[in-house]
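# Survey of secondary and tertiary structure
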Amino acid sequence: MDIKDIQNLVRFVAKAGVSEVKYKNKDFEIYIKTPLGGEPVSYVTPQVAYQAPVSAPVANTASPVANTEATSSADDSKYITIKSPMIGTFYRKPSPDKEVFANVGDSVTEGKVVCVIEAMKLFNQIESEVSGKIVKILVEDSSPVEYDQPLFLVDPS
């Protein structure tokens, strides 16, 4: 089962109104439980885990992330949103000493990794589902994200 299958399973559980689902095979076990009136919470127990990137203090307070309140939602309606498929911690880089996956103005293609989300010590690469140009990054690096939370705005033209 790859990340797309897990994302689809979480979406299915959210839409179906199922209170809990447990799936197990030889490689991992996934348990998804929907709290009353809330979004699903999923736990994945992998056999192989990735090393967590270590957050280093940043001296520069300027951020490349655009202020979400500066633009109206009417301007953003022509853009496609890349959303978080899970609950976890959002990282723009694969590790602290590496370059970011994507910046504002970068072109992305369908299937290109745009960030990672760490959940339960497992680092999940999030791929773009659309092709276009990134116009806005909606989440600060190393910050928590919720299921279905907007991460990026992409101009498909």
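Conventions used here
Residues numbered from 1 in each chain as written. Predicted model: local features only at pLDDT ≥ 70, side-chain atom pairs only at ≥ 80, totals over all residues. Heavy atoms only, no water. Helix = DSSP H or I, 4+ residues; strand = E, 2+ residues; numbered from the N terminus. Buried < 20%, exposed > 50% of the residue type's maximum accessible area, 1.4 Å probe, protein only. Contact = heavy atoms within 4.5 Å. Pairing = 2+ DSSP bridges. Axes fitted to C-alpha atoms, helices over the stretch in contact; angles between N-to-C directions. Phe/Tyr/Trp six-rings, centres within 6.5 Å; stacked < 30°, edge-to-face > 60°. Core = buried A, V, L, I, M, F, W, Y, C linked by side-chain atoms within 4.5 Å. Polar contact = N/O pair within 3.5 Å; in protein donor to acceptor, adjacent residues only side chain to side chain.

The next subject is the overall build of the protein. The helix and strand inventory of the protein stands at 2 helices and 11 strands. N-terminal to C-terminal, the α/β element order of the protein is α-β-β-β-α-β-β-β-β-β-β-β-β. A total of 157 residues make up the protein; the buried ones form 34% of that total. Counted over contacts in the protein with a minimum sequence separation of 6, partners at least 24 positions apart contribute 58%.

Attention now moves to the sheet that holds strand 7 (residues 113-119). In a beta sheet, neighbouring strands pair by backbone hydrogen bonds and run either parallel or antiparallel. Overall, antiparallel pairing links the 4 strands, which are arranged 8-7-5-10 in an open sheet. Both edges of this open sheet fall to strand 8 (122-127) and strand 10 (143-145), since each of them pairs with a single strand only. In this sheet, adjacent strand axes meet at a mean angle of 40° when their direction is disregarded. Relative to strand 8, strand 7 runs antiparallel, the two sharing 6 bridges.

Looking now at the sheet that holds strand 9 (residues 132-137). Across the sheet, which stays open at both edges, the 4 strands sit in the order 4-11-9-6 with antiparallel pairing between neighbours. Edge positions in the sheet fall to strand 4 (80-83) and strand 6 (107-108), since each has one partner strand and no second.

By the element assignment, Met86 lies in the loop between strand 4 and strand 5 (88-91). For Met86, a relative accessible area of 7% puts it in the buried group. Considering only alpha carbons, one finds Met86 and Gln149, 63 residues apart in sequence, at a separation of 8.6 Å.

Moving on to the packing of aromatic side chains. How two aromatic rings sit relative to each other is given by the distance of their centres and the angle of their planes. With the rule as written, the count across this model stands at 2 aromatic pairs. Ring geometry for Phe90 against Phe152: centres 5.9 Å apart, planes inclined by 55°, an arrangement best described as tilted. Remark: Phe152 occurs in strand 11 (residues 150-155) and Phe90 occurs in strand 5; sequence separation between them is 62 residues. Judged by centre distance (6.0 Å) and plane angle (40°), the ring pair of Tyr91 and Phe123 falls under tilted. Placement of Tyr91 in strand 5 and of Phe123 in strand 8 is noted, with a sequence separation of 32 residues between them. Under the relative-accessibility criterion, Phe123 is labelled buried at 10%.

When a protein is soluble and globular, its nonpolar side chains tend to lie buried together. Core analysis: the largest hydrophobic core is formed by 19 residues, its most contacted members being Phe90, Cys115, Ile134, Leu151 and Phe152. Residue assignment for this core shows that the elements contributing at least two residues are strand 7, strand 9 and strand 11. Among the elements that make up this core, the one with the highest residue count is strand 7 (4 residues). If sequence neighbours within four positions are ignored, Phe152 has contacts with Ile80, Thr81, Ile82, Phe90, Val114, Cys115, Ile134, Lys136, Ile137 and Leu138. One finds Val10, Val13, Ile30 and Ile32 within the second-largest nonpolar core, a separate group that totals 7 residues.

Turning our attention to the pairing of strand 7. Of all 7 residues that make up strand 7, 7 are buried, and the element is covered over most of its length. Two elements, strand 5 and strand 7, share 3 bridges in a ladder whose sense is antiparallel. Note on strand 7: the bridge partner recorded for Thr89 is Glu118.

So, on to the environment of Ser131. When you line up the elements, Ser131 lands in the loop between strand 8 and strand 9. On the basis of relative accessible area, Ser131 is assigned to the partly exposed category, the value being 37%. In this structure the C-alpha to C-alpha distance between Ser131 and Ile80, which are 51 residues apart in sequence, comes to 9.6 Å. Within the local environment of Ser131, its side chain forms a polar contact with the backbone nitrogen of Glu110, the two atoms lying 3.1 Å apart.

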